[in-house]
Amino acid sequence: METVDENDGASGVADDVQGAAAWQAMVDGLAAAGRAMADHVADLSPAEQADGFRALLRSLNNQLGRFEVDRADPELVPFNGWREKFFMDNPDFHYWVADIDDGRRYRLTGRIGDASYTSITAYAAGGIIDASAASRLDQDSLELEADGSFEVMVSREQPPAGNWLPLPQGANSIWVRSFYDDVHRDAHGEVHIEALDSASVPPLIDTDRFVHRLQRLGKGARSTVRGISTSVAEDLARPNEVRVWEEMQGGAAFTEPGIHYQRGAWQLGERQALEIRLTPVECRYWNLMLYSRFLNSLDHRHRPVSLTGARAIAEDDSSVRVLLSATDPGEGNWLDTEGRPFGIFVVRWLHAETAPQLPELRVVDLPGASR
């Protein structure tokens, strides 16, 4: 067998091998992403430095999970699990994603489970930034059976009866979201997709498409680090403040169209807490979620890092006081910062009847703090 000298050429493979250049472009992109991340975390603690590379690996894992798709016979793939966190995942939600063809017909079947709200959205997108909601259904408009099961036709033309998700021209993915009041839920919702149109047997490999996606994977890794750096800049400049997150309103960047977003950051000493006081408005659902500076949710599997309206303990005046800190103050609604001196929080308000006020923030000393 012919062997290749590891020191022979930059790529280690012959230049005329199909896919070799694309593979090298991917490897180069990953290397560039690593260098960019190293620069980004250079002034942080060793734990935060390693966490930056973990976030980069999780984003790569997320994209590898959807690298190969079949739009003629798609699958609904779980998205943003704890190993695949990517750009503000939300573990109080459960996501399924399928890549589809706007000219074909599909059937969705599923069950609500103990979700407090479920939505089905078709998106038209060429990338994360330019994604827009093309059509949608939600739990309030779905015809449900007594056991919470449903069936939805997904197509260009409207069926004679039943639930229908229109596929406008340009629609190329379907997202199903279930919202939960408790991250440790008992009965997950479920959903499946079935192609209704016959399709020809695909070729052995679509070489041009494979090469394009391989090159894009490397570019995506580089852009992930840029996206993290750009996104967190305002939070670093304005810690312990909160603002309306305008960029995410209206279903932008694959977000749920009916959510009003608020975003802020904490910057705390070891014995300090950020007190967040919310004034809830009438809405279908709200939650407050904590994130690292790398836009990953904190460890929801082992720590209290989110709060939903259903679980919140209200004050006598109906406001909700939340304390963000490294240690449990032993009172009220506590969320664990994992000891991170800096991090980000996001408040999501679903179908708010009036625009929610910005929460009131102040830094407070925890009991036993030195003065």
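Since the structure is predicted, the reported quantities are computational estimates derived from the model, not experimental observations. (Residues numbered from 1 in each chain as written. Predicted model: local features only at pLDDT ≥ 70, side-chain atom pairs only at ≥ 80, totals over all residues. Heavy atoms only, no water.)

Description of the overall build of the protein
Basically, it comes down to this: Strands here are runs of E lasting at least two residues and helices are runs of H or I lasting at least four, both read from the DSSP assignment and numbered beginning at the N terminus. Only the C-alpha atoms count toward the radius of gyration. The rule for a globule is 2.2 Å times the residue count to the power 0.38. Any pair of residues with heavy atoms lying within 4.5 Å of one another is described as a contacting pair. Reported accessibility uses the Shrake-Rupley method at a 1.4 Å probe radius. Residues are deemed covered only where the shown protein chains occlude them. Asp and Glu count as negative and Lys and Arg as positive, but His and the ends of the chain are not part of the count. To locate a charge, take NZ of a lysine, CZ of an arginine, CG of an aspartate or CD of a glutamate.
From N to C terminus, the protein includes 3 helices and 18 strands. In terms of overall size, the protein behaves like a compact globule, its C-alpha atoms giving a radius of gyration of 23 Å where 371 residues would be expected to give roughly 21 Å. Once the C-alpha set of the protein is aligned to its principal axes, its extents read approximately 70 × 65 × 35 Å. Contacts in the protein between residues at least 24 apart in sequence constitute 74% of all its contacts with a sequence separation of at least 6. Counting only carbon and sulfur atoms, one obtains 49% of the accessible surface of the protein, whose full area is about 18700 Å². Here the protein contributes 36 positive and 58 negative side-chain charges, whose respective centroids are spaced 3 Å apart.

What about helix H3 (residues 207–237)?
To be explicit about the condition: For a helix, the expected span equals 1.5 Å multiplied by the residue count minus one. Any residue under 20% of the maximum accessible area for its type is buried, any over 50% is exposed, and the rest in between are partly exposed; the area is computed with a 1.4 Å probe on protein chains only.
Here H3 spans 46 Å end to end across 31 residues, near enough to the 45 Å set by a 1.5 Å rise per residue. Of the residues making up H3, those classed as buried are Val211, Arg213, Leu214, Leu217, Gly218, Ala221, Thr224, Val225, Ile228, Val232 and Asp235. In the core, the buried residues of H3 are packed alongside helix H1 (20–40), helix H2 (46–64), strand E10 (242–244), strand E11 (259–267) and strand E17 (342–350).

Comments concerning the sheet that holds strand E3 (residues 106–111)
Put simply, the rule reads: DSSP bridges decide pairing: two strands pair if at least two such bridges lie between them. Note on definitions: angles span 0 to 180 degrees between N-to-C directions of axes, and those axes are lines fitted to C-alpha atoms, for helices only across the stretch in contact.
Within the open sheet, the 4 strands sit side by side as E7-E6-E3-E9. Their pairing is mixed. Each having just a single partner strand, strand E7 (163–166) and strand E9 (190–195) make up the two edges of the open sheet. Each strand of the sheet is rotated relative to its neighbour by a mean of 25 degrees, with strand direction disregarded. Here 4 bridges tie strand E6 (residues 149–155) to E7, and the two strands are oriented parallel to one another. Note on E7: the bridge partner recorded for valine 154 is leucine 165.

A word on empty space enclosed by the protein
Where we set the bar: Space inside and on the surface of the protein is sampled on a 1 Å grid over the protein atoms alone, with a cavity defined as a set of points where a 1.4 Å probe fits but cannot get out and a pocket as an open set with protein on both sides within 12 Å along at least 5 of 7 lines; lining residues have an atom within 4 Å of a point. Grid points are joined across faces, edges and corners, and a volume is the space filled by probe spheres set on the points.
One pass over the full model with this rule turns up 3 cavities of 30 Å³ or more. Counted as a void, the largest cavity has a volume near 40 Å³. As for the largest cavity, its lining consists of Glu234, Asp235, Arg238, Glu241, Val242, Arg243, Arg263, Gly264 and Ala265. Looking at the lining of the largest cavity, the elements with two or more residues in it are H3, E10 and E11. Residue contributions to the lining of the largest cavity peak at 3 residues, all from E11.

Re the nonpolar core
Test applied: By convention a nonpolar core is built from buried Ala, Val, Leu, Ile, Met, Phe, Trp, Tyr and Cys residues, the set being connected through side-chain atoms within 4.5 Å.
Formed by 35 residues in total, the largest nonpolar core has its most connected members in Met37, Met88, Trp175, Phe179, Phe294 and Ile344. Counting residues in each nonpolar core, the second largest holds 23 residues, with Ile112, Phe150, Val154 and Leu165 among its members.

A closer look at the layout of surface pockets
Which parts of space are left empty comes out when a probe the size of a water molecule is rolled across the atoms. Stated formally: Charged means Asp, Glu, Lys or Arg here, nonpolar means Ala, Val, Leu, Ile, Met, Phe, Trp, Tyr, Cys or Pro, and polar covers whatever is left, Gly included.
Volume-wise, the second largest pocket comes out at about 570 Å³. Every residue lining the second largest pocket is counted, 18 residues in all, and those nearest its centre are Val69, Asp70, Pro202, Asp206 and Arg209. The residue makeup of the lining of the second largest pocket, split by class, is 9 nonpolar, 1 polar and 8 charged.

Regarding the pattern of salt bridges
Condition: The working definition used for a salt bridge is a side-chain nitrogen of Lys or Arg within 4 Å of a carboxyl oxygen of Asp or Glu.
One pass over the full model with this rule turns up 26 salt bridges. Of the charged contacts, one joins aspartate 51 and arginine 54 as a salt bridge, the two residues approaching to 2.7 Å between their closest N and O atoms. With aspartate 51 and arginine 54 both in helix H2 and 3 residues apart, this pair spans about one turn of that helix. Exposure remark for aspartate 51: the relative accessible area of 8% places this residue in the buried category. The residue arginine 177 makes a salt bridge to glutamate 256 at a minimum N-O spacing of 3.6 Å. Here arginine 177, found in strand E8 (residues 173–179), pairs with glutamate 256, found in the loop between E10 and E11; they are 79 residues apart in sequence, far enough to count as distant. Given a relative accessible area of 2%, arginine 177 falls into the buried group. One network of salt bridges, in which partners are shared, links Glu48, Asp51, Arg54, Arg293, Glu338 and Arg340.

Some details on the environment of glycine 52
Mapped onto the elements of the fold, glycine 52 is located in helix H2. Counting along the chain gives 242 residues from glycine 52 to phenylalanine 294, while the straight-line C-alpha distance between them is 6.2 Å.

So, the side chain of arginine 243
Relative to the helices and strands, arginine 243 resides in strand E10. Overall, arginine 243 belongs to the buried group, its relative accessible area being 13%. Not counting the four nearest positions on each side in its chain, arginine 243 is found in contact with Glu234, Asp235, Arg238, Tyr261, Gln262, Arg263 and Leu358.

Topic: the packing of aromatic side chains
Put simply, the test is: Classification of ring pairs uses Phe, Tyr and Trp, with its six-membered ring standing for Trp, and accepts pairs whose centres are within 6.5 Å; under 30 degrees between planes counts as stacked, over 60 as edge-to-face, and the remaining range as tilted. Geometrically, a lysine NZ or arginine CZ counts as sitting over a ring once it is within 6 Å of the ring centre and also within 35 degrees of the ring normal.
Under the counting rule described, the total for this entry stands at 13 aromatic pairs. The interplanar angle of 50 degrees and the centroid separation of 6.2 Å between the aromatic rings of phenylalanine 93 and tyrosine 95 together place this pair among those described as tilted. Tyrosine 95 shares its class with phenylalanine 93; the two are buried. With 5.4 Å between their ring centres and 80 degrees between their planes, phenylalanine 179 and tyrosine 285 make a pair best called edge-to-face. One end of the pair, phenylalanine 179, is in strand E8; the other, tyrosine 285, is in strand E13 (residues 285–291), with 106 residues separating them in the sequence. Taken individually, phenylalanine 179 and tyrosine 285 each receive the classification buried, so the pair is uniform in this respect. The ring of phenylalanine 67 carries the charged tip of arginine 213 above its face, separated from the ring centre by 5.5 Å.

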